[in-house]
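# Observations on the three-dimensional arrangement
Residue-level listing of the chains:
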Number of protein chains: 2
Amino acid sequence: MAKGDVSLSVIKRLPRYYRFLGEIKRAGIQRVSSGELSKKMGFTASQIRQDLNCFGGFGQQGYGYNVEQLYDEIGKILGVHQKAKTVLIGAGNLGRAVAAHMSFEERGFNLIGIFDKNEALAGQLVRNLPIRHIDGLYDFCRDNSPTVAVLCIPSESAKEITDELVKLGVKGFWNFSHYDIAVNHPEVAVENVHLSDSLMTLSFHVNNL
Amino acid sequence: MAKGDVSLSVIKRLPRYYRFLGEIKRAGIQRVSSGELSKKMGFTASQIRQDLNCFGGFGQQGYGYNVEQLYDEIGKILGVHQKAKTVLIGAGNLGRAVAAHMSFEERGFNLIGIFDKNEALAGQLVRNLPIRHIDGLYDFCRDNSPTVAVLCIPSESAKEITDELVKLGVKGFWNFSHYDIAVNHPEVAVENVHLSDSLMTLSFHVNNL
DNA sequence: ATAAGTTTGTTAAAAATTTGAAAAAGTTAG
DNA sequence: CTAACTTTTTCAAATTTTTAACAAACTTAT
């Protein structure tokens, strides 16, 4: 069950499995076969079976998969029950929307602080958390030891803040800035979102239908 | 120069090339080799050359690539100078942030309407556009013929609205809802964003460092 | 003008991913 | 309990993607 040897392609599909299994579970369905999942999700049944088997034999021949059990297993693999202490940097339009809109708690994170360089925002509540001035970040991190940071800041500041946060012990970055975070440390995980890349991909497709 | 035979992997890298070339261009650099790009971007030089050659020989032996020309060519391929008329559905936290934060105009889109089912929001301005009540969507589409829709709505409504918009002639969807849009029509392009999937992928990585 | 040095375009090899298919295991009905 | 059926597991083949290597083409300096 070594996790290092599971390919990134597989890992990136796990949240989708989790999402669909959640739906199925809420619909009250108790068992599901790879064939049924295949129809619903648009992956081949073979791929689904192969993916799941990277983490263990969750299914049973002649029966399929128990929805609830499989949902829980994937949840465990993804770590959705962890409570990784998380700070959000940048409380502009996007930062506030991300803070308010994402269910961090259902996905393995615990949002404990929101920071912005704009004094005017200080004290304003977002999701019951006060926006703090960025100058307090250092002390806050020393006192609370967050392990994850969400970056909703302009690309200019991204590199600098990232380096500082790494020094302060942050191990994971969810990056919405235009800048491509590429940390040298192998002990740091980065997920670059790049909404504009996604939008341009759509532009390509729309113009080449 | 048939575009149908370029793989999705390549296409998804194009916005990244565009982004880095933009940076290099703004820095005043006029020529660049695949080797230099490789260092900056983290792709292999071989891959960069191979990717670019899918669309034509933009480089010159012994010289490399002209930054401005390559930037323009990729821009054309991505269609960033198009003005695809675009409506945004759902003016909640996320919808408003997307409307305000994304530079649609620099990426091939022209945002012409914002809609929400919440009466209370009607009339409020976002980016100089008034939020309109969703009931007016049909007429608005008939009058203005948008070809792209950005969906920032709950998954429950996503399928229904998508189907209606397809009937009204929308050819491209940028989907932020939890729901996986899968349109049967081969003439419709969909880009599913799924921020929560990205967040859970980060959760996995953080928990498996 | 020539030679040395770069760098692309292109072809081929390697690696990774996806798909298919058979064997093993379990379920369900009689 | 047995036989027919379903579905996973596992292994192998096919496809796709990435990397490497080399010849052709251009630049630059002498």
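Here the structure is a predicted model, which means the values were calculated and not measured.

### A short note on the environment of Asp 139 of chain A
Following the sequence through the fold, Asp 139 of chain A ends up in helix α6 (residues 137-144). C-alpha of Asp 139 of chain A to C-alpha of Leu 168 of chain A: the two residues are 29 residues apart in sequence and 9.8 Å apart in space.

### Regarding the interface of chain B and chain A
On the side of chain A, 55 residues touch chain B, which itself brings 55 residues to the contact. Summed over both sides, the interface between chain B and chain A buries roughly 5200 Å², with carbon and sulfur atoms accounting for 71% of that surface. Of all residues in chain B, the largest losses of buried area upon contact with chain A belong to Leu 199, Met 200 and Phe 204 of chain B, amounting jointly to 14% of the total for that side. Our count for the contact surface shared by chain B and chain A stands at 6 salt bridges. A salt bridge links Asp 180 of chain B to Arg 19 of chain A, with the nearest nitrogen and oxygen atoms 2.6 Å apart. For the side of chain B that touches chain A, the secondary-structure elements that each account for two or more residues are α1 (8-26), α4 (67-78), α5 (93-101), β9 (172-175), β10 (189-192) and α8 (195-207) of chain B.

### Looking at the protein's contact with DNA strand D
Neighbouring DNA strand D are 27 residues; Ser 34, Arg 49, Asn 53 and Gly 62 of chain A together with Ser 46 of chain B lie closest to it. When the atoms of DNA strand D within 4 Å of the protein are grouped by moiety, sugar and phosphate amount to 65% of the total. Between a phosphate oxygen of DNA strand D and a main-chain N or O atom of Gly 59 of chain A, the distance comes to 3.1 Å. Within the side chain of Arg 31 of chain B, an N or O atom sits 3.3 Å from a phosphate oxygen of DNA strand D. Of all the secondary-structure elements, those providing two or more residues to the surface near DNA strand D are α3 (45-53), β2 (59-60) and β3 (64-66) of chain A together with α1 and α3 (45-53) of chain B. When residues in the surface near DNA strand D are grouped by element, the largest group, 4 residues, is from α3 of chain B. Class assignment of the residues belonging to the surface near DNA strand D gives a composition of 4 nonpolar, 19 polar and 4 charged.

### Looking at the protein's contact with DNA strand C
As a structural note, the neighbourhood of DNA strand C is formed by 26 residues, with Arg 13 and Ser 46 of chain A together with Ser 34, Asn 53 and Gly 62 of chain B the closest of them. Sugar plus phosphate, as a fraction of atoms of DNA strand C within 4 Å of the protein: 66%. Note that a phosphate oxygen of DNA strand C is positioned 2.9 Å from one of the side-chain N or O atoms of Arg 13 of chain A. A distance of 2.6 Å separates a phosphate oxygen of DNA strand C from a polar backbone atom of Ser 34 of chain B. Those elements that provide at least two residues to the surface near DNA strand C are α1 (8-26) and α3 of chain A together with α3, β2 (59-60) and β3 (64-66) of chain B. The element best represented in the surface near DNA strand C is α3 of chain A, accounting for 4 residues. Its residues assigned to classes, the surface near DNA strand C shows 3 nonpolar, 19 polar and 4 charged.

### A look at the relation of the copies chain B and chain A
Mapping chain B onto chain A calls for a rotation angle of 180° and an axial translation of 0.0 Å; the resulting RMSD is 0.0 Å. The superposition of one copy onto the other is thereby described by a two-fold rotation axis. Across chain B, the smallest distance between a C-alpha and the rotation axis is recorded for Ala 97 of chain B, namely 3.1 Å. When the interface residues of chain B are mapped onto chain A, 100% of them again fall at the interface, so both copies present the same face.

Definitions and limits used
Residues numbered from 1 in each chain as written. Chains lettered and ligands numbered in written order. Predicted model: local features only at pLDDT ≥ 70, side-chain atom pairs only at ≥ 80, totals over all residues. Heavy atoms only, no water. Helix = DSSP H or I, 4+ residues; strand = E, 2+ residues; numbered from the N terminus. Contact = heavy atoms within 4.5 Å. Buried area = accessible area lost by both parts, 1.4 Å probe. Salt bridge = Lys/Arg side-chain N within 4 Å of Asp/Glu carboxyl O. Near = heavy atom within 4 Å. Polar contact = N/O pair within 3.5 Å; in protein donor to acceptor, adjacent residues only side chain to side chain. Nonpolar A, V, L, I, M, F, W, Y, C, P; charged D, E, K, R; others polar. Least-squares fit on C-alpha atoms with pLDDT ≥ 70 in both.

That's the geometry; what it means functionally is another story.
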